[in-house]
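Examining the three-dimensional arrangement
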Amino acid sequence: MRDLRLLCKSVFSNVETSGYVGFANLPNQVHRKSVKKGFEFTLMVVGESGLGKSTLVNSLFLSDLYPERVIPNAVEKQNMTVKLDASTVEIEERGVKLRLTVVDTPGFGDAIDNSDSFSAILEYIDEQYERFLRDESGLNRRNIVDNRIHCCFYFISPFGHGMKPLDIEFMKKLHCKVNIVPVIAKADVLTKKEIQRLKCRILQEIEDNGIKIYPLPDCDSDEDEDYKEQVRQLKEAVPFAVCGSTTLLEVKGRKVRGRLYPWGVVEVENPDHCDFIKLRTMLITHMQDLQEVTQEVHYENYRSERLAKSVRKNTNSVIKEENGGAGIVPGEVLSEKDRILREKEEEIRRMQEKLAQMQAKFQAQK
């Protein structure tokens, strides 16, 4: 027993002298818990039909998210309205599980009059925020499913001299609600000089119209040089010029995913051919930041506006009641603080009336 006490004393004395407590193991605990729980991510893809949205998504995640997709003909497209198609797939890689939801928007930009193309998408994004707010305010907060849109790939046609009015209007309506990442579709139809010229034109139009796209976070000073260089290259690649393919081709004795043309093969995962690798790297390495920006910026903005509307509604009800149901007093708007003061004053008035009645009853008994 004496030997055991000496051994324990020796162990604790070594810990104290080394200055090691053990909380450096906390990141490992968080990692194990996160891996066990799994991750959730929701991606929205928006763009005109025929720009390769479905092919690119399948190429990014090496899965078939649209096994039963039926492509409408030209006559059917004329009468199509914007529909939102959410597909969820469970992806597991080296023990890490990802619940990926891809929201497609078939019919966007295909009608003759596209003035109402945004309403269905705006409603869907707000519905997911409202559902999350309702679940967050409920009793069962442990098992909340996060279906909020964390990232939106907006596909821009390569067959033009920049963005169309539809592209600009869409981005202006959604840039305060979701993280927008502009993507130049089917980049294999352009030369390198044409791609660079188109990128500069798109960035200039984004700046001129005050559009806020997803900004890649800056590196900390203590980050290694390789990571800093990677982030610098990703920032320079925006908007990403990509092409997708799920077809395996043999090039110089190796299997690659690409597109076969009479003049050669466009390799999807070759950085010299397109920005596919950079787009996937951006999405994977900044997936957590996309979720945090959605939570701390876009969702908080929606939540603040939602609560402000609720306060104004309650305030208007109080004013209407005080005016005998005659309606809201024009120009009078109460803040939350004013509303609370009014309630307190009303409560004090009722207590004073009750006290006066009790005093009158007491005097009558005398």
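What follows deals with the pattern of salt bridges. If you walk through the whole model with that rule in mind, you get 14 salt bridges. Arg201 is the partner of Glu205 in a salt bridge, and the nearest nitrogen-oxygen pair spans 3.4 Å. Taken together, the residues span about one helical turn, with Glu205 and Arg201 both in helix 7 (residues 192-208) at a distance of 4 residues. Note on Arg201: relative accessible area 44%, which makes it partly exposed. A salt bridge links Arg232 to Glu236; the shortest N-O distance between them is 2.6 Å. Here the residue Arg232 and the residue Glu236 both occupy positions in helix 8 (residues 225-237), the gap between them amounting to 4 residues, near one helical turn.

With that out of the way, let us pick up helix 9 (residues 276-285). Listing the buried residues of helix 9 in full gives Phe276, Leu279, Met282 and Leu283. Projection of helix 9 onto a plane perpendicular to its axis shows the buried side chains occupying an angular sector of 130°, all on one side.

Time to look at the nonpolar core. Phe153 and Phe170 are the most contacted members of the largest nonpolar core, which has 71 residues in total. Per-element accounting of this core gives the leading share, 8 residues, to helix 5 (residues 117-136). With near-sequence residues (within four places) excluded, Phe153 lies in contact with Leu43, Met44, Val45, Val46, Leu60, Val181, Val183, Leu279, Met282 and Leu283.

Strand order in the open sheet made by the 6 strands is 2-3-1-4-5-6, with mixed pairing throughout. Only two strands of the sheet have a single neighbouring strand rather than two, namely strand 2 (85-93) and strand 6 (240-241). Two elements, strand 2 and strand 3 (residues 96-104), share 9 bridges in a ladder whose sense is antiparallel. Within strand 3, the position partnered with Ile91 by the bridge is Leu98.

With that out of the way, let us pick up the pairing of strand 7 (residues 248-251). The alternating pattern of strand 7 places Leu249 and Val251 on a buried face, while none of Leu248 and Glu250, on the opposite face, is buried. Remark: 2 residues form the turn of the hairpin made by strand 7 and strand 8 (residues 254-261), two consecutive strands paired antiparallel; Lys252 in that turn has positive phi of roughly 55°.

Glancing now at the sheet that holds strand 8. Read from one edge to the other, the open sheet built from 3 strands follows the order 7-8-9, with strand pairing classed as antiparallel. With partners counted over all chains shown, the strands left at the sheet margins are strand 7 and strand 9 (264-267), one partner each. Within the sheet, the average angular offset between the axes of one strand and its neighbour, ignoring direction, is 70°.

A few words now on the confidence of the model for the chain. Considering every residue of the chain, the mean pLDDT works out to 78; 74% of them sit at 70 or more. Taking the mean pLDDT of every element in the chain, the minimum, 49, falls on helix 1 (residues 2-18) and the maximum, 94, on strand 5 (residues 180-184). Below a pLDDT of 50 lies the segment residues 327-334, which in the model reaches 11 contacts outside its immediate sequence neighbourhood of four places, other chains included.

Buried residues dominate strand 5, accounting for 5 of its 5 residues. Here strand 5 shows two buried faces, one formed by Ile180, Pro182 and Ile184 and the other by Val181 and Val183. The pairing of strand 4 (residues 151-156) with strand 5 spans 5 bridges and is classified as parallel. In the strand pairing of strand 5, Phe153 is matched with Val181. Since strand 4 and strand 5 lie parallel, the crossover through helix 6 (residues 165-174) that links them has a hand, and here it is right-handed. Here 2 bridges tie strand 5 to strand 6, and the two strands are oriented parallel to one another. Its bridge partner being in strand 6, Val183 is matched across the sheet by Phe240.

Cut-off values and rules
- Residues numbered from 1 in each chain as written.
- Predicted model: local features only at pLDDT ≥ 70, side-chain atom pairs only at ≥ 80, totals over all residues.
- Heavy atoms only, no water.
- Salt bridge = Lys/Arg side-chain N within 4 Å of Asp/Glu carboxyl O.
- Helix = DSSP H or I, 4+ residues; strand = E, 2+ residues; numbered from the N terminus.
- Buried < 20%, exposed > 50% of the residue type's maximum accessible area, 1.4 Å probe, protein only.
- Arc of directions from axis to C-beta.
- Core = buried A, V, L, I, M, F, W, Y, C linked by side-chain atoms within 4.5 Å.
- Contact = heavy atoms within 4.5 Å.
- Pairing = 2+ DSSP bridges.
- Axes fitted to C-alpha atoms, helices over the stretch in contact; angles between N-to-C directions.
- pLDDT = per-residue confidence, 0-100.
- Right-handed = clockwise from strand over helix to strand, strands pointing away.

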